[in-house]
Amino acid sequence: MNQKRFGLCFLLSFGLTGLIFSGSAQGARSLDGRKPVLQENHKAEGKLLAAEVTADSPPKKRLGKINSLSQWGARKLPTSYRRKYDKAFEKWSKAKEVYEQTKVLMGPDLKGLPNYEGTEKRYLEFKNGVEQGAFQLECLKHHQMVEQAHKNKRVARIEWMEALDKAVSAFVGQGGDLAKYEKAFWKKAIEEAKKENEKLIAAHAPKAKVFLSKKDLEEAHGVFSKLVKTRGDMQKLAKDNQAIPQEMFDRFTKDISTFQQKYNENAQAYWGGLKTGYEIYNATLELVQKPEGVAKALQAKMIFSGKTKGKKVKFVVKAKANWCYATLGRWESISGSEDSDLKWKYGKSYSKVQEFRVRKKEQVPWGTASGFCTTKATKVTRKGTLKFSGSTNKLHYVVVGWPREKVPMFVAAHINAIMVDPCDPKGWYTLWTNPVPGTFAYSDNEPVLWTFRDDNHKEAFTAAGINGLSGLARMKSKAPEKRAFKKAEWVFRGCYPKGVGYDSQGIKYETCMRKIANQFIPKFNAANKARDNARTQQARKRAEKKLTSLRFAKSAKEKKKCGPTRNKITKRMNKVYSKIVDWHAKNEIKLDIDVMQYVQAQKEGKGRPE
């Protein structure tokens, strides 16, 4: 078999889609690091060779044996490299073993013998086939690993891609007709593999899952189990209100680093975020003695700290423009029955503030934090009552703050937006054009704000005032080329009453509705009682007819008495809704804090390796 013919066979039989192999190789000497195992007939041939012909045998006898072994060994070489790598490697190994035996028989004393030139030609073709096969197997080994990853919809590891590049360079660089013949093919194969990697990365933004071999998976599951155990230990300590020891943090940090580097490039987003949460939790345990430690753990500026006296709370935050503030507290004495009813009070400044809450979740073991962001400088009051046994307990609190663009990711990723007043057009407009950090995204082509986050971060509301479920997979940080709003008009969902809401028209509407409800409550109660106590079918029908009549009467009175106010609210809110739609058609929210990338990485980093 000459070199050119060998390469042609390889090209005809080997295509990009046919490269599905498995195994490990270490070069031409022994690709898998093992000594090749001969089949019984091959062992018999070896014994026969050892018994009949050796390096000391007469030249003529050696020449004949070299001729027959070269032909026999060449037939043992893989005629195609489309087969599984293990099978191709097994055939190549047998041929290589024959070549090693044949090589021993060669010597300068054979040159003058008849038929030497023909035998030498066959021998060199056999030698070239073995050497070229080693290079090809090395290329196929790495390409097989890359293609297996792509077949499983996983990104091939960088080191595999680099190894493939290196193997192909070595194959092409050693020269020869076959290497030149294969150069174009391998260049195309590498380019297509890189494109597939890029495609998978784009499809699994921000980072695609990386393919893990069986051995990788076993090791990854071991590290993952350690992470899960440490998480459980931390959760138990937090439940018992105990501090997390530094040794546990150190061990957790080491395991996270290993997991990140070897098995899951998103590990830091989830497990690292969890660790940060428990570090903040540890700081809150010392809030009474070291309130500045909480600010440091939250990467915030400490505005002030204090403690309550009695069961009434009131303190004022002098808020800067375009800042976000949050307050955390800790009881001096904890029995488990302590509670509080505290609210932010904005007065006439309600259109300058945007309230939020950081919900207590797995990654927020430090507890619910309440806060607000500003659009302009203002004063905000924290006010309410405490509930605890006796009269001497105290709530120690700390107020921290960040510039809007510097709210840390581990806080922003868990913020829920809370409307200060849903019937305030000015506040509604600023909420949708200057949203609270971490709450804004694009779902399909429509802007949304998170009002609740479960594990999928899925409940959100739109600028039209519609609450709904919008799964994490549909959420994007980058604005689509065209923003589409699904509702033609703003949807009236009611306003906030006095004591909760601030807008005068909204309070007027809710007061009107409550007044009518109070007038009809006794009538509904009587009709319901008559229906429930009815002894005959006719009596029950009369009671149900009365209930229907009351519903119509109540609805008619609401429309007559409260309807004009509702229409005014709807009209001005529709006007501001149109302004929001027009604003988003021309502008894009440029997020200083790209929460979407972070929360998607968290989801990728949390799962058990597959």
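Just so we're clear, the structure is a prediction, and the values are computed from it rather than from any experiment. (Residues numbered from 1 in each chain as written. Predicted model: local features only at pLDDT ≥ 70, side-chain atom pairs only at ≥ 80, totals over all residues. Heavy atoms only, no water.)

(A) Inspection of the overall build of the protein at higher detail. Each helix and strand counted, the protein has 17 helices and 14 strands in total. Taking all 610 residues of the protein together, 48% fall into the buried category. Once local pairs closer than 6 in sequence are excluded, the contacts in the protein between residues at least 24 apart make up 77%. (Helix = DSSP H or I, 4+ residues; strand = E, 2+ residues; numbered from the N terminus. Buried < 20%, exposed > 50% of the residue type's maximum accessible area, 1.4 Å probe, protein only. Contact = heavy atoms within 4.5 Å.)

(B) Local environment of the environment of phenylalanine 356. Checked against the element boundaries, phenylalanine 356 lands in strand 5 (residues 353–358). Counting along the chain gives 15 residues from phenylalanine 356 to glycine 371, while the straight-line C-alpha distance between them is 5.4 Å. Excluding its chain neighbours within four sequence positions, the residues that come into contact with phenylalanine 356 are Cys324, Tyr325, Ala326, Ser370, Gly371, Phe372, Cys373, Ile415, Asn416, Ile418 and Val436.

(C) Highlighting the packing of aromatic side chains. Per the counting criterion, the structure on display carries 29 aromatic pairs. Here phenylalanine 135 and phenylalanine 171 contribute two aromatic rings whose centre-to-centre distance is 6.3 Å and whose plane-to-plane angle is 25 degrees, an arrangement assigned as stacked. With phenylalanine 135 in helix 5 (residues 116–151) and phenylalanine 171 in helix 6 (residues 158–173), the pair connects residues that are 36 residues apart, well separated along the chain. You can call phenylalanine 135 partly exposed: its relative accessible area is 26%. Here phenylalanine 171 falls in the buried class, since its relative accessible area comes to 0%. Between tryptophan 490 and phenylalanine 492 the ring centres are 6.0 Å apart and the planes differ by 85 degrees, which places this aromatic pair in the edge-to-face class. Put simply, the rings of Trp323, Tyr325, Trp344, Tyr346, Tyr350, Phe372 and Tyr502 pair up and form one aromatic cluster. (Phe/Tyr/Trp six-rings, centres within 6.5 Å; stacked < 30°, edge-to-face > 60°.)

(D) Representation of the pairing of strand 6 (residues 369–374) within the structure. In terms of residue burial, strand 6 counts as a mostly covered element, since six of its six residues are buried. Residues Ala369, Gly371 and Cys373 line one face of strand 6 and the alternating positions Ser370, Phe372 and Thr374 line the opposite face, and both faces are buried. For strand 3 (residues 323–331) and strand 6, the ladder comprises four bridges, and the chain directions are antiparallel. Paired with cysteine 324 across the two strands is cysteine 373, which belongs to strand 6. Taken together, the six bridges between strand 5 and strand 6 define a ladder with antiparallel strand orientation. (Pairing = 2+ DSSP bridges.)

(E) Up close: the packing of helix 10 (residues 267–285) against helix 17 (residues 595–606). For the pair helix 10 and helix 17, the least separation of the axes is 6 Å and the interaxial angle reads 90 degrees. In terms of orientation, helix 10 and helix 17 fall into the roughly perpendicular class. Residues Ala267, Ala269, Tyr270, Trp271 and Gly273 of helix 10 form the contact with helix 17, whose participating residues are Tyr598, Ala601, Gln602, Gly605 and Lys606. By residue class, the composition of the contact of helix 10 with helix 17 is six nonpolar, three polar and one charged. (Axes fitted to C-alpha atoms, helices over the stretch in contact; angles between N-to-C directions. Parallel < 35°, antiparallel > 145°, perpendicular 65-115°, else oblique. Nonpolar A, V, L, I, M, F, W, Y, C, P; charged D, E, K, R; others polar.)

(F) View of the sheet that holds strand 2 (residues 312–319). The strand order across the open sheet formed by three strands is 2-7-4, and the pairing between neighbours is antiparallel. The outermost strands of the open sheet, each flanked by one partner alone, are strand 2 and strand 4 (339–345). Strand-to-strand twist across the sheet, computed as the mean angle between neighbouring axes with direction ignored, equals 20 degrees. Note: strand 4 against strand 7 (residues 378–387), seven bridges, orientation antiparallel. What sits directly across from leucine 342, in strand 7, is glycine 384.

(G) Structural view of helix 8 (residues 214–239). Under the 1.5 Å per step criterion, the end-to-end length of helix 8 is 37 Å for 26 residues, consistent within 8% with the ideal 38 Å. The complete set of buried residues in helix 8 reads Asp216, Leu217, Ala220, His221, Val223, Phe224, Leu227, Thr230, Arg231, Met234, Leu237 and Ala238. Where helix 8 is buried, its residues contact helix 6, helix 9 (246–262), helix 10 and helix 17. Following helix 8 by one or two positions, asparagine 241 adopts a phi angle in the positive range, close to 65 degrees. (Expected span 1.5 Å × (residues − 1).)

(H) Spatial organisation of unusual backbone geometry. In this structure, asparagine 115 takes a positive phi of about 70 degrees despite not being glycine. Positionally, asparagine 115 belongs in the loop between helix 4 (85–105) and helix 5. Even without being a glycine, asparagine 322 presents a positive backbone phi close to 60 degrees. Mapped onto the fold, asparagine 322 is located in the loop between strand 2 and strand 3. Residue asparagine 322 is classed as partly exposed on the basis of its relative accessible area, which comes to 35%.

(I) Broad picture of the sheet that holds strand 1 (residues 301–307). Overall, antiparallel pairing links the six strands, which are arranged 1-8-3-6-5-9 in an open sheet. Bordering the open sheet on either side are strand 1 and strand 9 (415–418), each of which pairs with just one other strand. Strand after strand, the sheet turns through a mean of 25 degrees between neighbouring axes, direction not considered.

(J) Highlighting the pattern of salt bridges. Counted according to the given criterion, the structure contains 21 salt bridges. A salt bridge links glutamate 362 to lysine 606; the nearest nitrogen and oxygen atoms lie 3.8 Å apart. One end of the pair, glutamate 362, is in the loop between strand 5 and strand 6; the other, lysine 606, is in helix 17, with 244 residues separating them in the sequence. Classification of glutamate 362 by relative accessible area gives partly exposed; the value is 29%. (Salt bridge = Lys/Arg side-chain N within 4 Å of Asp/Glu carboxyl O.)

(K) Local environment of the state of the cysteines. For the structure on display, the rule yields three disulfides. Across a sulfur-sulfur distance of 2.0 Å, cysteine 423 and cysteine 495 are joined as a disulfide pair. Residues cysteine 423 and cysteine 495 share a disulfide whose torsion about the S-S bond is about -90 degrees; that sign makes it left-handed. Taken together, the positions of cysteine 423 in the loop between strand 9 and helix 13 (425–433) and cysteine 495 in the loop between strand 14 (475–476) and helix 14 (504–532) put the pair 72 residues apart, joining distant regions of the chain. On the accessibility criterion, cysteine 495 (9% relative accessible area) is buried. Here cysteine 512 is linked by a disulfide to cysteine 562, with a sulfur-sulfur distance of 2.0 Å. Across the disulfide from cysteine 512 to cysteine 562, rotation about the S-S bond amounts to roughly -90 degrees, and the bridge is consequently left-handed. Separated by 50 residues along the polypeptide, cysteine 512 in helix 14 and cysteine 562 in the loop between helix 15 (537–561) and helix 16 (563–586) bring together distant segments of the chain. Judged by its relative accessible area of 1%, cysteine 562 falls in the buried class. Cysteine pairing for the protein (bonded cysteines numbered in sequence order): 1-2, 3-4, 5-6. (Disulfide = S-S within 2.5 Å.)

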